[in-house]
Amino acid sequence: KMKFSSQCFLGLLASSMMMATGVVGQSCSATDPTCASTTPYEMDFVTPKLTLHGKVIESHKDAKDAVIMGCCVSDDAGLKPKEIGKIPQMNSELTMQVLENAKKAWKGGSGTWPQMSLKERIKAITNLLDELKTQREVIVRTLMWEIGKNRKDAESEFDRTLQFCNQLLETISKHPEYHGHWESVGSTQAFIKRAAIGIIMCLGPMNYPLNETYATLIPALLMGN
């Protein structure tokens, strides 16, 4: 079966699993007709997990879950932050375990994922994106709660992310540069093929957490990292 390394899973969890339903009071008002259908909605509690060695784990025994505060809710006292979930925390020991597990998965380039054909990796990423599409509303509302985006901007970030990924899949599946090709230099013939680099750490900013994370994560995975 096709498996990502723990490093890859953590990247996906960071950008995808911190998702729950809800809307943010700061960006909508009860008198705004564009927000009327989503005000006021209670959101689900965010409970993302960590993975290591292909298994879901809780926080390290010495690390407490961090509280995730949503943008704001309104009551008689005014606007105030709202607790919308908790996220597991890592310490240096657990972080090094993730790195070592990623090294084993990479295995100097001979691990299961880097040795898959490009066609197999494209299929795996396509399946991932298909699952992501089913979570559009959940992710949009969480972006609104967590970082204060209005609905239009949150929907735009999600849709642009999927559009970028789909364009990337189309390009990489058709362009000969990514499948390997022969080139002649004088009397010498060379077979040229792109290769993976290895273990990649992908970071996304707080203002575009989904788009910026996937814009680096998906290309890295497709190339076998």
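Residues numbered from 1 in each chain as written. Predicted model: local features only at pLDDT ≥ 70, side-chain atom pairs only at ≥ 80, totals over all residues. Heavy atoms only, no water.

A. Examining the overall build of the protein chain more closely. Check the secondary structure of the protein chain and you find seven helices and six strands. The order of α-helices and β-strands along the protein chain, N terminus first, is α-β-β-β-β-α-α-α-α-α-β-β-α. Within the protein chain, residue pairs in contact and separated by at least 24 positions form 66% of the contacts whose partners lie at least 6 positions apart. Surface summary for the protein chain: the accessible area is close to 13100 Å², and the carbon and sulfur share equals 55%. (Helix = DSSP H or I, 4+ residues; strand = E, 2+ residues; numbered from the N terminus. Contact = heavy atoms within 4.5 Å. Areas by Shrake-Rupley, 256 points an atom, 1.4 Å probe, with all protein chains shown as cover.)

B. Spatial organisation of the confidence of the model for the protein chain. Mean pLDDT for the protein chain: 78, with 78% of residues reaching 70 or above. Looking at the elements of the protein chain, mean pLDDT is at its lowest for helix 1 (residues 6–17), recorded as 40, and at its highest for helix 4 (residues 118–133), recorded as 95. pLDDT under 50 marks residues 1–40. Its contacts with residues more than four places away, or in other chains, come to 101 contacts. (pLDDT = per-residue confidence, 0-100.)

C. Seen up close, the pattern of salt bridges. Counted under the stated rule, the structure contains nine salt bridges. E100 is paired through a salt bridge with K103; the nearest N and O atoms lie 3.4 Å apart. Taken together, the residues span about one helical turn, with E100 and K103 both in helix 2 (residues 92–106) at a distance of three residues. When the shortest N-O distance is used, the salt bridge between D159 and R136 registers 2.9 Å. Taken together, the residues span a long stretch of sequence, with D159 in helix 6 (residues 151–174) and R136 in helix 5 (residues 136–147) at a distance of 23 residues. In the salt-bridge network here, residues are joined through shared partners; they are R136, E137, R141, R151, E155 and D159. (Salt bridge = Lys/Arg side-chain N within 4 Å of Asp/Glu carboxyl O.)

D. Up close: helix 5. The end-to-end C-alpha distance of helix 5, which contains 12 residues, comes to 16 Å, matching closely the 16 Å that a straight helix rising 1.5 Å per residue would cover. Every buried residue of helix 5 is accounted for by I139, V140, R141, T142, L143, M144 and W145. Next to the buried residues of helix 5 lie strand 3 (66–75), strand 4 (78–87), helix 4, helix 6 and helix 7 (209–222). Positive backbone phi, approximately 80 degrees, marks G148, located one or two places after helix 5. (Expected span 1.5 Å × (residues − 1). Buried < 20%, exposed > 50% of the residue type's maximum accessible area, 1.4 Å probe, protein only.)

E. Summary view of the packing of helix 6 against helix 7. Direction vectors running N to C along helix 6 and helix 7 enclose 15 degrees, while the axes themselves pass 9 Å from each other. By the angle between their directions, the pair helix 6 and helix 7 is classed as roughly parallel. Taken as a pair, helix 6 and helix 7 cross one another with a handedness that is right-handed. Of helix 7, the residues touching helix 6 (which contributes E157, F158, R160, T161, F164, C165, L168, L169 and I172) are P209, L210, N211, Y214, A215, I218, P219 and L222. (Axes fitted to C-alpha atoms, helices over the stretch in contact; angles between N-to-C directions. Parallel < 35°, antiparallel > 145°, perpendicular 65-115°, else oblique. Left-handed = near helix turned anticlockwise from the far one by under 90°.)

F. Geometry of the environment of A124. Relative to the helices and strands, A124 is located in helix 4. Residue classification places A124 among the buried positions, given a relative accessible area of 13%. C-alpha of A124 to C-alpha of L222: the two residues are 98 residues apart in sequence and 9.1 Å apart in space.

G. The arrangement of the pairing of strand 5 (residues 181–185) in detail. With respect to burial, strand 5 is a largely exposed element, only zero of its five residues being buried. Here strand 5 pairs with strand 6 (residues 188–192) via five bridges, running antiparallel. The residue bridging E183 from the neighbouring strand is A190, located in strand 6. (Pairing = 2+ DSSP bridges.)

H. Representation of the nonpolar core. Residues I125, L129, L132, F158, I218 and L222 are the most contacted members of the largest nonpolar core, which totals 27 residues. Counting residues per element, the ones that place at least two in this core are helix 4, helix 5, helix 6 and helix 7. Apart from residues lying up to four places away in sequence, F158 is in contact with L132, K133, R136, I139, V140 and L210. (Core = buried A, V, L, I, M, F, W, Y, C linked by side-chain atoms within 4.5 Å.)

I. Highlighting helix 7. Between its terminal C-alpha atoms helix 7 stretches 20 Å, which fits the 20 Å expected from 14 residues at 1.5 Å a residue. Within helix 7, burial applies to L210, N211, T213, Y214, L217, I218, A220, L221 and L222. Of the residues trailing helix 7, G224 is marked for its positive phi of about 100 degrees.

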